[in-house]
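# Coordinates in review
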Amino acid sequence: MSFLGSMLKVSSAAAETAPRLSCVSVDQEKREVKIMWQNGLDSSFQFAWLRFNRPEIFTANWEHETALKEALQKSAVSSVSVASEGGGVVVQWQTDGQSSLFPAEQLWAFDLGRGVRYRDPVGELDRVLWNSLPVSGDRIPKFDFREVDPREGYSLETANQKQLAAVSVAVLKYGCARVSNCPVETNHLARLGRLLSSGLRPSFWGTDYDVLADPAGQPANLAYTPTRIPFHTDLPYNSFGSELVQMLHCLDNADPEGGGSQLADGVAAAEFIREADPEAFQVLSTTEMTYDYFAPEAAMYCTKKTPVFVLGGGGTGRVERVVFNHRPLAGCEDLEVLGALSKFADILERPEFSVTFKMQKGDMVLFDNSRLLHGRAAWRPVFRRHLKGGYLCRDEFMARCRFLVHTSDGEVGGAEKGKQCPYAETSGKEEQGDAAPSPPSFSPSHPQSCALKALSVEESGKWRLKAMVSSSGTP
Ligand SMILES: O=C(O)CCC(=O)C(=O)O
Ligand SMILES: [Fe+2]
């Protein structure tokens with residue numbers, strides 16, 4: 001059903017005049033009342049919802065403690081009819097013979113909520129794993145900001161809600177999206193963040209942060225140096241880290257030979273390992289790794305224990321999340337674990353699981369930090385490279401996505417195995433902006449590579465990290 005109006009207008013839209021009722025019927029099997037509206041749309045309301053929301057409860061001496069129980073026990077409906085004036089539905093309750101009159105406006109307004117409660121097309125959408133796409137195809141769905149928000153109004157009223165919905169769906173389905181031709185302005189990230197969620201989710205790194213090599217400064221993090229960064233999850237030492245969508249907006253990327261980006265589908269690689277190497281899968285899904293980050297400048301000591309592959313509940317056992325960042329990984333000296341990590345790192349580099357590309361000025365990439373890993377190639381600091389980074393709360397990102405899909409009649413679509421990513425403009429090979437970073441150095445023969453003490457090599461010289469005592473990693 002179409003729901004006109006923007007997020008900012010929900011309350012007035014909810015009060016929007018309802019269409020006339022056409023007919024109502026009861027489906028005893030599904031335990032719901034079905035309404036046909038004269039504009040051709042239909043709505044269904046479950047018995048228990050109707051009982052719990054019947055208008056009398058807002059006026060009578062209602063005891064909330066017993067309300068739900070009562071609604072479940074007495075919700076059977078014996079008959080329904082359109083009220084004589086056609087402005088409502090009369091529901092006759094089977095258990096107590098009472099009847100309730102539901103004004104058409106109330107039912108019409110609640111249809112939005114009903115759609116979300118009983119069917120969640122966004123939460124239920126299937127992830128398209130990258131190794132199910134043709135190896136020669138692109139893995140990153142592409143969008144153009146000039147179509148997403150043609151007037152650059154950064155409001156849901158002016159933006160193209162269908163395009164915004166498509167961007168969010170792409171992130172949830174393919175793990176990422178690339179939006180080109182964004183304004184090269186430092187506040188673009190935060191403004192787009194407010195369209196795709198309630199705004200940026202701050203961390204101790206700030207509300208947003210600048211990925212910028214500043215030789216004069218003392219970088220507190222590898223991201224603030226021009227060195228290569230291998231595949232990693234951001235904020236692995238914060239429990240909310242796995243609940244984020246990351247945004248990177250390119251304000252400059254001038255080195256013609258360096259500064260490329262990489263993304264890899266960690267969940268696809270993990271599911272592949274489940275089949276290809278069950279022992280490594282077992283190790284990575286059951287061994288609790290400790291991620292540490294000591295940030296005295298922010299007066300914080302973050303630490304989190306998690307397996308690399310986090311399996312879902314509900315008996316599915318599927319890989320829900322991947323948490324992988326070798327820099328803040330504390331005290332891991334177990335050769336079996338290091339061997340499994342090394343295998344995972346190698347598999348991530350394969351073309352069916354990863355993509356290498358070069359962000360251009362005005363490009364924005366958004367990716368699901370619970371699924372995709374990101375990395376970048378080194379660049380020569382004589383050339384300027386500046387990204388603005390920030391995070392969105394994944395849960396609120398999904399909530400906005402649901403709303404956008406609903407209001408714009410956007411399509412979520414099904415995940416069809418083996419199909420080319422439908423959003424991709426190109427079907428050619430991945431762009432080869434610059435050489436892919438060499439594989440991360442997890443190796444059983446170099447066990448120190450994931451211990452705190454191994455912070456030395458890349459950060460030497462003028463790029464020595466400020467917080468050497470801490471497990472300085474990438475965000
Ligand atoms: O420089 C980049 O491309 C990304 C740096 C990074 O890992 C981050 O900002 O989280
Ligand atoms: Fe990062």
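Residues numbered from 1 in each chain as written. Chains lettered and ligands numbered in written order. Predicted model: local features only at pLDDT ≥ 70, side-chain atom pairs only at ≥ 80, totals over all residues. Heavy atoms only, no water.

## Structural notes on the sheet that holds strand β3 (residues 42-46)
Strand order in the open sheet formed by 3 strands is β1-β2-β3, and the pairing between neighbours is antiparallel. Either end of the sheet is taken by a strand with one partner, and the two such strands are β1 (21-27) and β3. Between one strand and the next, the sheet's axes are offset by a mean angle of 20°, whatever the strand orientation. Bridging between β1 and strand β2 (residues 32-37) involves 6 bridges; their strand directions are antiparallel. Bridge pairing in β2 links Val-26 to Val-33. (Pairing = 2+ DSSP bridges. Helix = DSSP H or I, 4+ residues; strand = E, 2+ residues; numbered from the N terminus. Axes fitted to C-alpha atoms, helices over the stretch in contact; angles between N-to-C directions.)

## Some remarks on the site of ligand 1
Around ligand 1, a shell composed of Tyr-209, Val-211, His-232, Asp-234, Gln-246, Leu-248, His-374, Arg-376, Arg-385 and Leu-387 is seen. In this structure, Gln-246 approaches ligand 1 through a side-chain N or O atom, which is 3.1 Å from an oxygen atom. In the environment of ligand 1, an oxygen atom lies 2.8 Å from a nitrogen or oxygen atom belonging to the side chain of Arg-385. For ligand 1, the protein covers 99% of the area, taking 290 Å² as the surface of the free molecule. Broken down by secondary-structure element, the contributors of at least two residues to the shell around ligand 1 are β9 (208-212), β11 (244-253), β19 (372-376) and β20 (385-393). (Near = heavy atom within 4 Å. Polar contact = N/O pair within 3.5 Å; in protein donor to acceptor, adjacent residues only side chain to side chain. Areas by Shrake-Rupley, 256 points an atom, 1.4 Å probe, with all protein chains shown as cover.)

## Focus on the environment of Met-359
Among the secondary structure elements, Met-359 is positioned in the loop between β17 (354-357) and β18 (364-368). Judged by its relative accessible area of 0%, Met-359 is buried. With residues near it in sequence (within four places) discarded, Met-359 still touches Arg-178, Leu-248, His-249, Cys-250, Asn-253, Ser-261, Met-364, Val-365 and Leu-387. (Buried < 20%, exposed > 50% of the residue type's maximum accessible area, 1.4 Å probe, protein only. Contact = heavy atoms within 4.5 Å.)

## Describing the coordination of the iron ion (ligand 2)
All of the protein donors around the iron ion (ligand 2) are His-232 (NE2), Asp-234 (OD) and His-374 (NE2); their distances to the metal are 2.1 to 2.2 Å. Mapped onto the polypeptide sequence, the residues donating to the iron ion (ligand 2) form the spacing pattern H-x1-D-x139-H. Separated by 142 residues along the polypeptide, His-232 in strand β10 (residues 229-232) and His-374 in strand β19 bring together distant segments of the chain. For the pair His-232 and His-374, a shared accessibility class is recorded, and that class is buried. (Donors = N, O, S within 2.8 Å, 3.2 Å for Na, K, Ca; no water.)

## Observations regarding helix α6 (residues 161-174)
Given 3.6 residues to a turn, an α-helix orients residues that are three or four positions apart in the same direction. Taking 1.5 Å of rise per residue, the 14 residues of α6 would be expected to cover 20 Å, and the 19 Å separating its terminal C-alpha atoms lies within 8% of that figure. Burial of α6 is extensive: 12 of the 14 residues sit out of reach of the surface. Residues of α6 that are buried include every one of Gln-161, Leu-164, Ala-165, Ala-166, Val-167, Ser-168, Val-169, Ala-170, Val-171, Leu-172, Lys-173 and Tyr-174, and no others. The N-cap of α6, judged by a side-chain oxygen 3.1 Å from the amide nitrogen of Lys-162 a few residues on, is Asn-160. Phi turns positive, to about 90°, at Gly-175, one or two residues after α6. (Expected span 1.5 Å × (residues − 1).)

## Let's talk about the pattern of salt bridges
The full count for this structure, using the stated rule, is 14 salt bridges. Residue Asp-138 is joined to Lys-142 by a salt bridge in which the shortest nitrogen-to-oxygen separation is 2.1 Å. In this structure, Asp-138 and Lys-142 share a single accessibility class: buried. Asp-144 is paired through a salt bridge with Arg-146; the nearest N and O atoms lie 2.8 Å apart. In this structure, a network of salt bridges that share partners links the residues Asp-208, Asp-210 and Lys-388. (Salt bridge = Lys/Arg side-chain N within 4 Å of Asp/Glu carboxyl O.)

## Thoughts on the side chain of Ser-155
Within the secondary structure, Ser-155 sits in the loop between α5 (145-148) and α6. A relative accessible area of 18% means that Ser-155 is categorised as buried.

## Structural notes on the packing of helix α7 (residues 188-196) against helix α11 (residues 394-407)
α11 packs onto α7 with a crossing angle of 60° between their chain directions and a minimal axis gap of 8 Å. Between α7 and α11, the angle falls in the class oblique. Contacts between α7 and α11 involve Arg-194, Leu-195 and Leu-196 from the former and Glu-396, Phe-397, Arg-400 and Leu-404 from the latter. For the contact of α7 with α11, the class distribution of residues is 4 nonpolar, no polar and 3 charged. (Parallel < 35°, antiparallel > 145°, perpendicular 65-115°, else oblique. Nonpolar A, V, L, I, M, F, W, Y, C, P; charged D, E, K, R; others polar.)

## Observations regarding the pairing of β11
When a strand is regular, its side chains alternate between the sheet's two faces. Within β11, 10 of the 10 residues are buried, leaving the element largely enclosed by the surrounding structure. Bridging between β11 and β20 involves 9 bridges; their strand directions are antiparallel. Its bridge partner being in β20, Gln-246 is matched across the sheet by Tyr-391. Pairing of β11 with β18, which is carried by 5 bridges, proceeds in the antiparallel orientation. Residue Val-245 lies in a different strand from β18, and its bridge partner there is Asp-368.

Remember, this is a structural readout, not a statement about activity or role.
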